[in-house]
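Here are the chains, one letter per residue:
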Amino acid sequence: MKRKLFTFLMSYAFTATFAQTQIVLNTDLAKTKISKHIYGQFAEHLGRCIYGGIYVGESNTKIPNTAGVRNDIIEALKALKIPNLRWPGGCFADAYQWKDGIGPKEKRPGMINVWWGGVKEDNSFGTHDFLELCERIGAEPYLAGNVGSGTVKDLSDWVSYVNHPGGSPMADLRKQNGHEKPWNVKMWGVGNEAWGCGGNMTAEYYSNVYRQYATFMNDWSKDAKLYKIASGASDGDYAWTETLMKNIPHNMLSGVALHHYSVLSWQDKGPSVNFTEAQYFKTMEEAWKMEEFVTRHSTIMDKYDPQKKVDLIVDEWGGWYNVEDGTNPGFLYQQNTMRDAMIAGLTLNIFNNHADRVRGANLAQIVNVLQAVILTNEEKMILTPTYHVMKMYNVHQDAMLVPISINAPQYEFEGKKLIAVSASASKDATGKINISLTNIDYSKAHEVTINLRGEKFSKVSGQILSSPKISDHNTFEQPDKVITKNFAGAKLDKDVLRLSIPAYSVIMLTVEK
Ligand code: AHR
């Protein structure tokens with residue numbers, strides 16, 4: 001008895017000293033698929049996201065392009081393996097008249113982008129340009145329909161224009177504009193932020209509006225059964241989700257959206273680079289709130305949809321700071337540091353672990369706006385730390401979620417605490433287990449042990465994203481300051497993995513039989 005107690009105390013002392021983070025993975029119990037759509041991106045007609053960032057036009061530019069889309073962007077996005085791309089907004093979607101963005105470019109009417117800087121939008125990048133971009137980068141298009149200022153007929157016509165096989169006025173117009181075959185776009189947003197820029201509606205009113213618009217969005221072929229997403233809640237507005245789940249028949253609802261930004265305060269969002277530890281802690285606090293939001297919105301959805309047929313789609317998330325000095329405040333251009341890598345690693349772990357309900361998400365936004373994966377300056381392009389995290393994590397796309405139990409240490413700041421190490425794991429089609437770990441601690445490395453239960457493994461390899469300073473970022477002068485490197489610091493001893501994860505870093509481990 002004494003001997004047993006001694007052994008127990010010794011093993012406890014060992015774990016307390018050397019393994020502050022204890023993870024157990026049941027590798028033989030992976031039953032839920034992590035939808036690849038959790039790794040979606042978002043491109044809005046906002047600042048230099050589309051114009052300059054993605055699209056430079058075919059004439060009057062020295063930047064190498066294909067049909068006006070930058071070749072460097074196409075290559076970088078292909079490598080990222082983006083499952084879906086949401087467009088054209090955001091708030092812009094509810095002002096967008098899609099018919100002004102088709103046909104000969106010189107004849108397209110312009111408009112004023114009232115939401116973003118009041119600049120002239122010439123509609124030179126429209127439906128064909130977007131859908132061809134998606135084909136080039138291998139992403140499924142996710143079109144956000146205009147419900148705030150467009151008619152039911154406008155949205156119904158847009159569906160018909162891109163999806164009807166032929167013999168309808170809209171399909172004929174598409175063919176006249178050079179695209180014979182339908183695109184069969186499945187993912188459709190029925191409005192955006194209907195509680196705000198999408199029309200300042202109440203949840204009750206929007207539920208009816210949704211039912212009306214969705215009724216006239218037709219499935220034109222069995223290959224294009226529409227996946228309709230309702231404009232969802234902001235943050236912890238649980239009443240919004242409850243009203244939608246109660247009032248919209250579930251046979252006309254594929255997903256309900258949710259938006260959450262990691263922002264210090266809407267009055268002063270703080271700098272994107274030279275932030276203090278207090279600002280960093282607050283950003284992490286906001287990022288961790290995603291766990292609470294998806295848990296509680298899911299609980300409400302469970303009440304009305306216990307079989308989990310309706311998906312939770314977090315189609316806007318990411319860090320939001322003050323714009324860079326000297327840039328248009330309406331363009332939302334910000335730098336991207338290791339802090340953003342922390343938001344990405346932590347948030348994607350949360351989404352993976354909620355894969356039974358969270359079946360889609362879109363980082364805001366893809367190029368030059370908010371927590372962008374790519375920044376451009378004229379002909380130059382850089383990949384941000386967030387790009388590297390998303391690329392590392394793409395092994396989880398459509399893999400099976402491995403149930404995880406995690407006991408992690410706290411990151412403490414001025415008496416407040418956050419869980420320092422987050423993790424998620426999945427089993428791919430070949431049986432490999434990929435384990436993603438993010439340590440948001442501002443100053444401490446943490447020892448981690450991972451117990452692999454259920455199967456035997458013999459090899460481990462890894463990758464790491466870390467940098468000497470938390471404010472480190474890539475610039476046009478130093479584009480590779482923060483990049484992913486090989487990580488050989490994980491040791492596999494029988495069925496236990498041991499490693500140390502440095503402060504503010506992201507690690508991806510792969511174990512094989
Ligand atoms: O991503 C920027 C904006 O944030 C989007 O246009 C809007 O939906 C949200 O408020």
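In this text, all values refer to a predicted model and were calculated from it rather than measured experimentally.

Peer 1: Teacher, can you tell me more about the overall build of the protein chain here?
Peer 2: Along the backbone of the protein chain there are 10 helices and 28 strands. Against the globule reference of 24 Å for 513 residues, the protein chain gives a C-alpha radius of gyration of 23 Å, in line with a compact fold. Referenced to the eigenvectors of the C-alpha coordinate spread, the extents of the protein chain come out at roughly 85 × 50 × 45 Å. In the protein chain, buried positions account for 58% of the 513 residues. A separation threshold of at least 6 residues defines the contact pool for the protein chain, and within that pool the share at least 24 residues apart is 76%. Total accessible area on the protein chain stands at roughly 20800 Å², and carbon and sulfur atoms take up 52% of it. Between the centroid of the 55 positive side chains of the protein chain and the centroid of its 55 negative side chains there is a distance of 7 Å.

Peer 1: How should the side chain of Lys-269 be read in this particular structure?
Peer 2: Mapped onto the secondary structure, Lys-269 falls in the loop between β12 (255–262) and α8 (277–304). One buried charged residue, Lys-269, remains without a salt bridge, the closest side chain of opposite sign being Asp-268 at 7.4 Å. The residues touching Lys-269, leaving out its near neighbours within four places in the chain, are Val-263, Leu-264, Trp-320, Tyr-321 and Asn-322.

Peer 1: Quick question: what am I supposed to make of the nonpolar core here?
Peer 2: Side chains of nonpolar character tend, in soluble globular proteins, to be buried together. Core analysis: the biggest nonpolar cluster contains 151 residues, and Leu-437 and Ile-450 have the highest contact counts within it. In terms of residue count, the dominant contributor to this core is α8 (10 residues). When residues are assigned to domains, this core turns out to be shared by domain 1 (18–30 + 403–512) and domain 2 (35–398), each giving three or more.

Peer 1: Teacher, can you tell me more about the sheet that holds strand β6 (residues 84–87) here?
Peer 2: What holds strands together in a sheet is hydrogen bonding between their backbones, with the strands either parallel or antiparallel. Within the closed barrel, the 8 strands sit side by side as β3-β6-β9-β10-β11-β12-β13-β14. Their pairing is parallel. Neighbour-to-neighbour, the strand axes of this sheet turn through a mean angle of 30 degrees, independent of strand direction. Note that strand β13 (residues 311–319) and strand β14 (residues 358–364) share 4 bridges and pair parallel. Directly across from Trp-317, in β14, lies its bridge partner Leu-363.

Peer 1: Which parts of the structure should I look at to understand helix α4 (residues 152–163)?
Peer 2: Each α-helix turn comprises 3.6 residues. Residues three or four places apart therefore point the same way. Here α4 spans 17 Å end to end across 12 residues, near enough to the 16 Å set by a 1.5 Å rise per residue. The buried fraction of α4 amounts to 10 of the 12 residues, a majority that puts the element mostly inside the structure. For α4, the complete set of buried residues consists of Val-152, Leu-155, Ser-156, Asp-157, Trp-158, Val-159, Ser-160, Tyr-161, Val-162 and Asn-163. On its buried face, α4 is in contact with β6, α3 (127–137), β9 (140–145), α5 (169–176), β10 (187–190) and α6 (203–215).

Peer 1: Would you take a moment to explain the state of the cysteines for this structure?
Peer 2: Disulfides are covalent bonds that connect the sulfur atoms of two cysteines. In the structure shown here, the tally under the stated rule is 1 disulfide. A sulfur-sulfur separation of 2.2 Å characterises the disulfide bridge that pairs Cys-91 with Cys-197. Judged by the sign of its S-S torsion, about -85 degrees, the cystine formed by Cys-91 and Cys-197 is left-handed. Linking Cys-91 in the loop between β6 and β7 (111–113) with Cys-197 in the loop between β10 and α6, this pair joins segments that are 106 residues apart in sequence. With respect to class, Cys-91 is no different from Cys-197; both count as buried.

The rules behind the values
Residues numbered from 1 in each chain as written. Predicted model: local features only at pLDDT ≥ 70, side-chain atom pairs only at ≥ 80, totals over all residues. Heavy atoms only, no water. Helix = DSSP H or I, 4+ residues; strand = E, 2+ residues; numbered from the N terminus. Rg over C-alpha atoms; globule rule 2.2 N^0.38 Å. Buried < 20%, exposed > 50% of the residue type's maximum accessible area, 1.4 Å probe, protein only. Contact = heavy atoms within 4.5 Å. Areas by Shrake-Rupley, 256 points an atom, 1.4 Å probe, with all protein chains shown as cover. Lys, Arg positive; Asp, Glu negative; His and termini not counted. Charge placed at Lys NZ, Arg CZ, Asp CG, Glu CD. Salt bridge = Lys/Arg side-chain N within 4 Å of Asp/Glu carboxyl O. Core = buried A, V, L, I, M, F, W, Y, C linked by side-chain atoms within 4.5 Å. Domains from an automatic or database assignment. Pairing = 2+ DSSP bridges. Axes fitted to C-alpha atoms, helices over the stretch in contact; angles between N-to-C directions. Expected span 1.5 Å × (residues − 1). Disulfide = S-S within 2.5 Å.

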